[in-house]
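A closer look at the structure
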Amino acid sequence: MKQQAYVAQQFGDTASAYLSSPTHAEGADLVAMGQFARRMGRPVVLDLGCGAGHASFAVAPFAQAVTAFDLSAQMLEVVAGAAAARGLDNIATRQGDVARLPFADASFDLVVTRFSAHHWLDVAAALREAHRVLRPAGRLLVVDIVAPQQALYDSTLQAVELLRDGSHVRDYRVCEWGAKLERAGFTHQLSSQWKLPMQFEQWVARMRTPALRVQAIRSLFDSAPEEATAYFALQDDYSFAIDAALFEAAKPGEEIF
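Let me sum up the structure you'll find in this document.

1. Considerations on unusual backbone geometry
For Ala106, which is not glycine, the phi dihedral falls at a positive 55 degrees. Among the structural elements, Ala106 can be located in the loop between strand S3 (91-95) and strand S4 (108-114). The partly exposed category is assigned to Ala106, whose relative accessible area is 32%. Backbone geometry at Arg208 places phi at a positive 55 degrees, although glycine is not the residue there. Mapped onto the secondary structure, Arg208 falls in the loop between helix H10 (200-206) and helix H11 (211-223). Look at Arg208 and you get exposed, because its relative accessible area is 59%.

Okay, structure coming up:
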């Protein structure tokens, strides 16, 4: 199975779990996204790799229109149902690939993406597409897990992520995100960075990780050097903490807000 089909299958099978997941449904970053949209003054918004739609829900009260975009048809069904239940009638859904957006140039004022890019096969192409569909002086907000700078911790994180979810591609370092944004034509800044607690049993249950892989994750943590277990604040029940970050980026152009 090709990687994108794997992503669609993985998240289609677990769509409802992501709607109710506290890790995804809550967070200061969602508040920041909503406030950012409010300051822009009724922007037209695209949510790339929308998952269960939490970023879309955060910006919708302050937006003219929101397009929730994802590979998974089942995820989009969850988004549409939740939006209707919340009375957010300005959210529409669209299925597709983030690296080949079916939208005209300069269609959006704001593009957001949250906890999705580490599953993208071609982040560079997706960022170029985000740049293309943004209007001059449009904004891009990226929230994702970020890898530690130290190689030991980076390797540990990538291994654990891949064992838990075979659709994982890579958590990128902050410096890697900066380089990718620059190459896509954006000016950018790291707006905030924080530790994201992961409750182990919920984390593996949400993705329906097979028991053998769950055992392998525990074994990897058991054999990890003390420096790594300390960095990830590993607990007795294997819960741990990872790094997340919010990047703000802008497409050059005359300010329109």
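Now, onward.
2. A few points about the side chain of Ser167
Considering the arrangement of structural elements, one finds Ser167 in the loop between helix H8 (151-164) and helix H9 (174-183). Here the side chain of Ser167 touches His119 through a polar contact of 3.2 Å, side chain to side chain.

3. Thoughts on the packing of aromatic side chains
Evaluated as defined, the whole model comprises ten aromatic pairs. Seen from their ring centres, Phe200 and Tyr238 are 5.8 Å apart, and the 50 degrees between their planes marks the pair as tilted. One end of the pair, Phe200, is in helix H10; the other, Tyr238, is in the loop between helix H12 (226-231) and strand S7 (240-250), with 38 residues separating them in the sequence. Just as Phe200 is buried, Tyr238 falls in that class too. Considering the side-chain rings of Trp203 and Phe240, the 5.0 Å spacing of their centres and the 85 degrees angle between planes classify their relative orientation as edge-to-face. With Trp203 in helix H10 and Phe240 in strand S7, this pair connects stretches of sequence that are 37 residues apart. The pair Trp203 / Phe240 is uniform in exposure class, with both members buried. Taking NZ or CZ as reference, Lys195 lies 4.0 Å from the ring centre of Tyr231, over its face.

4. Some details on the nonpolar core
Ranked by size, the top nonpolar core spans 45 residues in total, and within it Ile91, Leu110, Phe200, Trp203, Phe240 and Ile242 carry the most contacts. With 28 residues, the next largest nonpolar core counts Phe103, Phe108, Ala126 and Tyr172 among its residues.

5. Remarks on the pattern of salt bridges
Overall, the coordinates contain ten salt bridges when judged by the stated rule. Between Asp97 and Arg100 there is a salt bridge whose closest N-O contact spans 2.9 Å. On the accessibility criterion, Asp97 (10% relative accessible area) is buried. Residues participating in the shared-partner salt-bridge network are Asp154, Arg170, Arg173 and Glu176.

6. Focus: the sheet that holds S7
An order of S3-S2-S1-S4-S5-S7-S6 is seen for the seven strands of this open sheet, with the pairing classed as mixed. Each edge of the open sheet carries a strand with a single partner, namely S3 and strand S6 (187-198). Ignoring strand direction, the axes of neighbouring strands in this sheet form an average angle of 15 degrees. Contacts between helix H7 (residues 123-133) and the sheet are confined to strand S1 (44-48), S4 and strand S5 (134-145), with S5 contributing the most and set at about 145 degrees to the helix.

7. Description of helix H4 (residues 28-40)
Think of an α-helix as 3.6 residues a turn; residues three or four steps apart then line up on the same face. Between its terminal C-alpha atoms H4 stretches 19 Å, which fits the 18 Å expected from 13 residues at 1.5 Å a residue. Along H4, the residues classified as buried are Asp29, Leu30, Met33, Gly34, Phe36, Ala37 and Met40. The arc that holds every buried residue of H4, seen down its axis, measures 160 degrees, which confines them to one face. Among the exposed residues of H4, those pointing more than 90 degrees away from its buried face are Ala28 and Arg39. Once H4 finishes, Gly41 follows within two positions and takes phi at roughly 85 degrees, a positive value.

8. As for the environment of Phe247
Among the structural elements, Phe247 can be located in strand S7. Sequence separation between Phe247 and Leu140 is 107 residues, and the spatial gap between their C-alpha atoms is 8.1 Å.

9. Points about H11
Look at H11: 18 Å from first C-alpha to last across 13 residues, which is about the 18 Å you get at 1.5 Å a residue. If you check which residues of H11 are buried, you get Val214, Ile217 and Phe221. The buried side chains of H11 occupy one side of the element, clustering within an arc of 55 degrees when seen end-on. Projecting away from the buried face of H11 at angles above 90 degrees are the exposed residues Leu212, Gln215, Asp222 and Ser223. If you follow the buried residues of H11, they end up packed against H8, H10, H12 and S7.

Calculation criteria
Residues numbered from 1 in each chain as written. Predicted model: local features only at pLDDT ≥ 70, side-chain atom pairs only at ≥ 80, totals over all residues. Heavy atoms only, no water. Helix = DSSP H or I, 4+ residues; strand = E, 2+ residues; numbered from the N terminus. Buried < 20%, exposed > 50% of the residue type's maximum accessible area, 1.4 Å probe, protein only. Polar contact = N/O pair within 3.5 Å; in protein donor to acceptor, adjacent residues only side chain to side chain. Phe/Tyr/Trp six-rings, centres within 6.5 Å; stacked < 30°, edge-to-face > 60°. Lys NZ or Arg CZ within 6 Å of the ring centre and 35° of its normal. Core = buried A, V, L, I, M, F, W, Y, C linked by side-chain atoms within 4.5 Å. Salt bridge = Lys/Arg side-chain N within 4 Å of Asp/Glu carboxyl O. Pairing = 2+ DSSP bridges. Axes fitted to C-alpha atoms, helices over the stretch in contact; angles between N-to-C directions. Contact = heavy atoms within 4.5 Å. Expected span 1.5 Å × (residues − 1). Arc of directions from axis to C-beta.

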